[in-house]
Amino acid sequence: MAGLWLMVTWLVAWSALRLCKQAFPDHSLSADILVTTVLTVGIIHLSLVLMGAAGLLNAWAVWPVAVLFAGLSRIVVRRVRERPADTRRRGQCDRSDELGFVASSTTGQIAKPDGYAVWTMVIWWIATSAYAGHVIGNGLLAFPEDWDTLMYHLPFIDFWIQSGSLTTMQSARWSTPATGELIGAWFVLPFSGDFLAPLTNVPIFILLASGVVELTRRLGLSGLWPHLVAIACLATHVTFRQSVDVSNDVAVAAFFLGGLAFTLRYLQSGRVADACLFGICFGLLCGVKYFALGYAAVLLGMWGLLCLFRLSQIWFRRSTESGEHRIADRWREALVPQVMAAALALLFGGYWYLRNWWMTGYPLYPKGSPDMSERILYEDLSNTTILGNGDPAVPDLLIEAVWKMAGPLHLAAMAAIPAVMISASLMLLFAFRHRKIDEQRATDFRSRSAQFVLIVGVIGCGCVWVITPMLVEDQPGTLNHLRWGYGPVRYGLTFLSMSLITMFVVGQGLVRKLPVRANTIIALVVGGVVVLQVGMLATRVVRFDLIAAGLIGANFGLASLMIRVVSSRFRRFEVAKNVLALFLVPGAVFLFSQHWHEGFDEHFNRYDNTNAHSQLNDKSHRIIVLSNRVYPFFGSQRQNHVLQPMLYYGKDAVAASCEAFGADLVVTRVDNHKSLARYRASWDDLAADPRFDEIETGSERLKLFRYYADFNVAKSAEFSQTISSEQKRAN
């Protein structure tokens, strides 16, 4: 299975690359990587959604559909490119100086790719090797521990695989959009366990890095700067943690910045293909999670503002054609990209909301439904936001969180937003004042217009950040998420990345007239701060084995370098390399699976301080889990079927669920340290009910009960009444 999975994945990625080359033959390497990643993720997502909605979510159904979509997309693009009218219009829209959004900081001409000089390749080679070592050492050779990953990210995947459908309701959070988890399903669908789940965010990180490079180049940065900004955006505690689990906050930032990059590309070229790629990114962004909808609204607003400018240029542009044909071409050029972007956005982002509406009548379920109070126990959600929580300690804790979980660059970018906004506005007004002097001023004015809309986007992202629920706390009066620091940065990763990009873009506009040596010194200083931020991150991480990851990364980097050198000298080695991969990858997958199945129970026994997980291996069980962290009870091979109620509704409701689900076991955890807990009452209720026989687990935090379906209910009631009478007499 591993060999087939590798071949299908390679075929989809190769088709996406060929599709990119057909649509954009003059791309730089970073742009090729960005487009190829978006197309690959889009094809995988669409095939999984289609088969999951049809109840056929298995590898043998998904793989042919993915290959079919990859082939059809190439055929469509080839036929479109062969149309003479489209070629003529594309030539008109490809005038690179039409809008000036990619003007160089020194000449005002289009910023050409820097050819990926040796130093750039070395930087990314080191970064990629370190990332690979981290993913292998702390991901593939480790076991999940992240709270949200154990609560619903990984359980979503297992629920889908067991049921073969995306409409299963066995999870308490089944209605949440799950584009990120769907990508993770691609990596584990054909295998006996979830040992390749840490690869879920690999395409997301590639998309984020290439998206930042492409975006900053479109905004005028050149040379080393786009790469420095990309590495700085990746150098946070949040990205470091989520690179080895199935969390989706990095995906929000990646799809947002990728969509913004394609927005600027469309404004420069007017190509329908760029508008389509924006639609794919926007749709995928809407499907990541409910909290991503705010950032999606900001991205849509930026697209709308800049498209108005683009459409005004199209409509009032002089033409030598006759009036009737000129108007028809203008309407076509103005509307076709918008229609295509909207259609693809609905296709890639609308399924989750259509599913919720079909099953419950509420697209944003449980929002607006009677079940909202059961899903969200916190009564006033405004108190969980930065804006709504009036505690005077919030500002200081917020600054501390950004410093601790991001670093000095992100904190400086956040603090510099007012100054950056004023500088961009003054430069815009100065360009507007001199717009009639020469074409260079007009080009500069249009470039500053894009930067001004970028400032508007930063403000919009900041507004979304300060009103995001559960960012400050999820337990009343504790500020627990803010004190921890991880929550504010992960929810605000898009805002912080946008702030960082804007600071560099506007900052270069201020220092672009300095001598070359001064610019070099500034670049070296910024590079040193980036290295410092990475070092600070490494010293604060205690959960991961950085030494082992470093050794693995070093070996990975040396091996990749040797393969690159040999491939460049011997052409025949290309074929041998692919054949070798077909043998090595399945072997590595086998070793990862052995490690996973042998160490799964031991890891989670240690995690829960219990021996309960070892007791679940005697056979396949059906388990009612009254706990937030439901994932460990699936077992290493997903042999156990799990049902997670939204709340604890009483012991009779649990018994009824056991009857309906056919469950033989019930699990509950103690949550006495929380004022708001979903399942706390079950800890004592089930222990006092003779229908639930407690099994010894050696744990003070977890209880395992065996349910007896044939227990006499009347005797149970009589037994409970006797116990109650004895307690009253004792009191």
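Residues numbered from 1 in each chain as written. Predicted model: local features only at pLDDT ≥ 70, side-chain atom pairs only at ≥ 80, totals over all residues. Heavy atoms only, no water.

Taken together, the five strands give an open sheet; going across it, the order is β2-β1-β3-β5-β4, and neighbouring strands pair in mixed fashion. The two strands at the open ends of the sheet, each matched to only one other strand, are β2 (641–643) and β4 (692–695). Sheet twist, expressed as the average angle between the axes of neighbouring strands with direction ignored, equals 30°. In the sheet, strand β1 (residues 622–626) pairs with β2 via three bridges, with the strands oriented parallel. Looking at the pairing, arginine 622 lines up with histidine 641 of β2. Relative to the sheet, helix α28 (residues 651–661) contacts β1, β2, β3 (665–669), β4 and β5 (702–707), its axis offset from that of β1 by approximately 150°. (Pairing = 2+ DSSP bridges. Helix = DSSP H or I, 4+ residues; strand = E, 2+ residues; numbered from the N terminus. Axes fitted to C-alpha atoms, helices over the stretch in contact; angles between N-to-C directions. Contact = heavy atoms within 4.5 Å.)

Note that leucine 397 resides in helix α17 (residues 394–405). A sequence separation of 91 residues divides leucine 397 from proline 488, and the C-alpha atoms of the two residues are 9.9 Å apart. Contacts of leucine 397, omitting those with residues within four sequence positions, involve Leu479, Leu482 and Arg483.

It is worth spelling out the nonpolar core at this point. Note that soluble globular proteins tend to have their nonpolar side chains buried in a common cluster. Formed by 171 residues in total, the largest nonpolar core has its most connected members in Trp186, Leu196, Phe255, Phe256, Trp465, Met498 and Ile501. Examining the composition of this core, we find that 14 residues originate from one element, helix α11 (residues 249–269), more than from any other. If you look at the next biggest cluster of nonpolar residues, it comprises 19 residues, including Trp174, Leu626, Ala663 and Phe705. (Core = buried A, V, L, I, M, F, W, Y, C linked by side-chain atoms within 4.5 Å. Buried < 20%, exposed > 50% of the residue type's maximum accessible area, 1.4 Å probe, protein only.)

A separate point is helix α7 (residues 179–188). Counting buried positions along α7 gives 10 out of 10 residues, so the element sits mostly inside the fold. For α7, every residue scored as buried is listed here: Thr179, Gly180, Glu181, Leu182, Ile183, Gly184, Ala185, Trp186, Phe187 and Val188.

Moving on: a nonpolar patch on the surface. A cluster of nonpolar residues, Met1, Leu4, Met7, Trp60, Val579, Leu582 and Phe583, forms a patch on the protein surface that exposes about 730 Å² of accessible area. The set of elements that each furnish at least two residues to the nonpolar patch consists of α1 (2–23) and α26 (573–608). Here methionine 7 shows up in helix α1. (Patch = residues over 30% accessible without salt bridge, like charges linked within 9 Å, V, L, I, M, F, W, Y side chains within 5 Å. Areas by Shrake-Rupley, 256 points an atom, 1.4 Å probe, with all protein chains shown as cover. Salt bridge = Lys/Arg side-chain N within 4 Å of Asp/Glu carboxyl O.)

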